[in-house]
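Residue-level structure breakdown
What follows is the residue order along each chain.
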Amino acid sequence: MAAYVPYLVTALTAALIGLAAGHFGGRFDAARRLRLSEERTRAILGAAVDGIITIDAGGAIRMVNPAAERIFGYRADDLIGRNVSLLMPSPDRERHDGYIDNFCRTGDAKVIGIGREVRGLRRDGTVFPLDLAVGEGRVGGERVFCGIVRDITERKRQEDELRHACETARAASAEAERANAAKAKFLAAASHDLRQPVQAIQFFASVLADKLHGQAARSVADGLTRSIDGLTALLDSILDVSRLDAGLVAPKKIDFCVGAVLDRLRTDFAAASRDKGLKLCVVPASAVVRSDPALLSRMLQNLVGNALRYTSRGRILVGCRRQGGALRIEVWDTGIGIAPDRTREIFQDFVQLGNPERDSARGLGLGLAVVDRLARLLGHEVAVASTPGQGSCFTVRVPYVAAGRQAAPEGARRAGAPSGIIVLIDDEPAVLTGLTLVLQGWGYQVVAAGSEAEALAKLTALPGQPSIIVADYRLREGRTGAEAVARIRDLYRTVIPSIIITGDTAPERLREAQASGLAILHKPVQPPVLRAVLQEALAPANQATLH
């Protein structure tokens, strides 16, 4: 029997242990789960990159994580039990307890449940920006607040740098706009002041050439006329830029045969190329394209003119080739060529390559700038390929249209200059005198006046009604030609065909003139152009439309 006692004790012990395990197992599991939960919480708090701080309803700090220690420069032991206002600069420090008290009493939240940008105070006294989000909870019936903080010093620095860069860019842009506005204003004023005397010289030269017809001195008059035409071309370049920048050019796209445009190029530049000893070859074409024929013609004229100015020997070739849904119109030359790194620069205003002495015979450097503006307006691609010392090729890509869709050509202009009475108003005496002589030479009766009032006074003594009114836009005492036209029309109670001639190139003046609804010519007007416009205006079929 005694031999079995050890085994009995062992069995009883095992039984007691089993009973104890069954009785206390649930309590042991709860403790283990609590311990694991605490370890998990500590791991999460330790791994968090943002600072986490909990406080009680009195503002005392109950817990901080390692990230909060790094952000503020304190150890957790230095913060536990102290008021959280320790981490705030004035005046937030003095107000904080009042915030908590007010929230506990009223529920009015300033930060709690909302989040905001605040300032923090490090142990070394440094004030820095923080993003703060605060939540509310209860632990064992006690109200606690948990704040998550993020140091945004680096972000604010980057924002400040970006803000400074934006302000610098805006200032630079504003300065560039002011410079462009000043440039445009200067060009407009200079162009207007130059156009007045040039217009007078042009009219006098036209009269002189007619008087010297068949005489030896006629060659001198012809040379004077060519020089004036060159100056007019320079002024027209300024006008083109002003009109394009003012948004006054509205493209009128139609389907037309490009051959007519090419034929005009051949005619316009034949003499100039022959004078320079260059061979101009314009390859005929019958392709139909969609564009504005007048604006496309201007682009190609500028490109051929540019090739002519920078080519001293060889030839200039203009031709077309089909490429997919587009027609490539190419202008080749054997001129000085362009360095690859400057092929975009040449389209900027007043840029000229190979002309350091600014030879006026090579223009102002606006021809390609006008091409670039017109290309963007029409939606045509312009490209350039060039080899320094060998020449260049400028290409304009225009939408190609299948044959048979060409718009019907306009009827031929009526020839001959019908007689009539022209009311001429211009406050520039030289222009008034010169144009009067030109018009009288064409067989018109002219009522010339330097102002609206003078014109009205002369018209009251006129037995008949004037056939057409030609008026400068800007007159004395702030009056305009459009106002003078309106007064004269009121006098006769009828719509008299009218033409405005202006030397203004300022965008606002151009917009005003265009808004008048009257036909507009820009000084200096070449006499043949004016004569054609007058004939068109006085033709019976057109008198109801030109107003």
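The structure this text deals with has already been given above.
Residues numbered from 1 in each chain as written. Predicted model: local features only at pLDDT ≥ 70, side-chain atom pairs only at ≥ 80, totals over all residues. Heavy atoms only, no water.

Turning our attention to the sheet that holds strand β2 (residues 61–64). Pairing is antiparallel in the open sheet, where five strands are placed in the order β2-β1-β5-β4-β3. Strands with a single pairing partner mark the edges of an open sheet, and in this sheet they are β2 and β3 (116–121). Going across the sheet, the axis of each strand differs from the next one's by a mean of 35°, ignoring polarity. Two strands pair when backbone bridges link them, and strand β1 (residues 51–56) and strand β5 (residues 142–151) are joined in this way by six bridges, in the antiparallel orientation. Paired with Ile53 across the strands is Gly147, a residue of β5. Sheet strands in contact with helix α4 (residues 92–106) are β1, β3, β4 (127–139) and β5, and its direction is about 135° off that of β5. (Pairing = 2+ DSSP bridges. Helix = DSSP H or I, 4+ residues; strand = E, 2+ residues; numbered from the N terminus. Axes fitted to C-alpha atoms, helices over the stretch in contact; angles between N-to-C directions. Contact = heavy atoms within 4.5 Å.)

With that settled, the discussion passes to the sheet that holds strand β15 (residues 468–472). With parallel pairing, the five strands of this open sheet are ordered in space as β14-β13-β15-β16-β17. Looking at strand neighbours, the two that pair on one side only are β14 (445–449) and β17 (519–522), the edges of this open sheet. Along the sheet, successive strands turn relative to each other by an average axial angle of 20°, direction set aside. Direction of pairing for strand β16 (residues 498–502) relative to β17: parallel, over a ladder of four bridges. Each residue of the ladder has a partner; that of Thr502, found in β17, is His522. Its contacts with the sheet place helix α10 (residues 429–441) against β13 (421–425), β14 and β16, and it is angled at close to 170° to β14. Most of the contacts of helix α14 (residues 527–538) go to β15, to which it runs at about 140°, and overall it touches β13, β15, β16 and β17.

Turning our eyes to something else, we now look at the environment of Pro129. Residue placement: Pro129 occurs in strand β4. Overall, Pro129 belongs to the buried group, its relative accessible area being 19%. Distance in space between the C-alpha atoms of Pro129 and Arg119 is 4.6 Å, their sequence separation being ten residues. (Buried < 20%, exposed > 50% of the residue type's maximum accessible area, 1.4 Å probe, protein only.)

Residue placement: Ser206 occurs in helix α5 (residues 153–211). Residue classification places Ser206 among the buried residues on the basis of a relative accessible area of 16%. Setting aside anything within four residues of it in sequence, one finds Ser206 in contact with Val438 and Pro527.

This paragraph deals with the packing of helix α11 (residues 452–460) against helix α12 (residues 481–492). In the contact formed by α11 and α12, the axes pass within 10 Å of each other and the chain directions differ by 20°. Between α11 and α12, the crossing angle belongs to the class labelled roughly parallel. Two packed elements cross with a definite hand, and for α11 against α12 that hand is right-handed. Taken together, the residues of α12 that come into contact with α11 (itself represented by Glu452, Leu456 and Leu459) are Glu483, Ala484, Arg487, Ile488, Leu491 and Tyr492. For the contact of α11 with α12, a count of residues per class yields six nonpolar, no polar and three charged. (Parallel < 35°, antiparallel > 145°, perpendicular 65-115°, else oblique. Left-handed = near helix turned anticlockwise from the far one by under 90°. Nonpolar A, V, L, I, M, F, W, Y, C, P; charged D, E, K, R; others polar.)

A grouping of Ile201, Leu208 and Leu224 is seen on the molecular surface, where their side chains present a nonpolar patch of about 230 Å² in accessible area. Take Leu208: it is sitting in helix α5. Residue Leu208 is classed as partly exposed on the basis of its relative accessible area of 38%. (Patch = residues over 30% accessible without salt bridge, like charges linked within 9 Å, V, L, I, M, F, W, Y side chains within 5 Å. Areas by Shrake-Rupley, 256 points an atom, 1.4 Å probe, with all protein chains shown as cover. Salt bridge = Lys/Arg side-chain N within 4 Å of Asp/Glu carboxyl O.)

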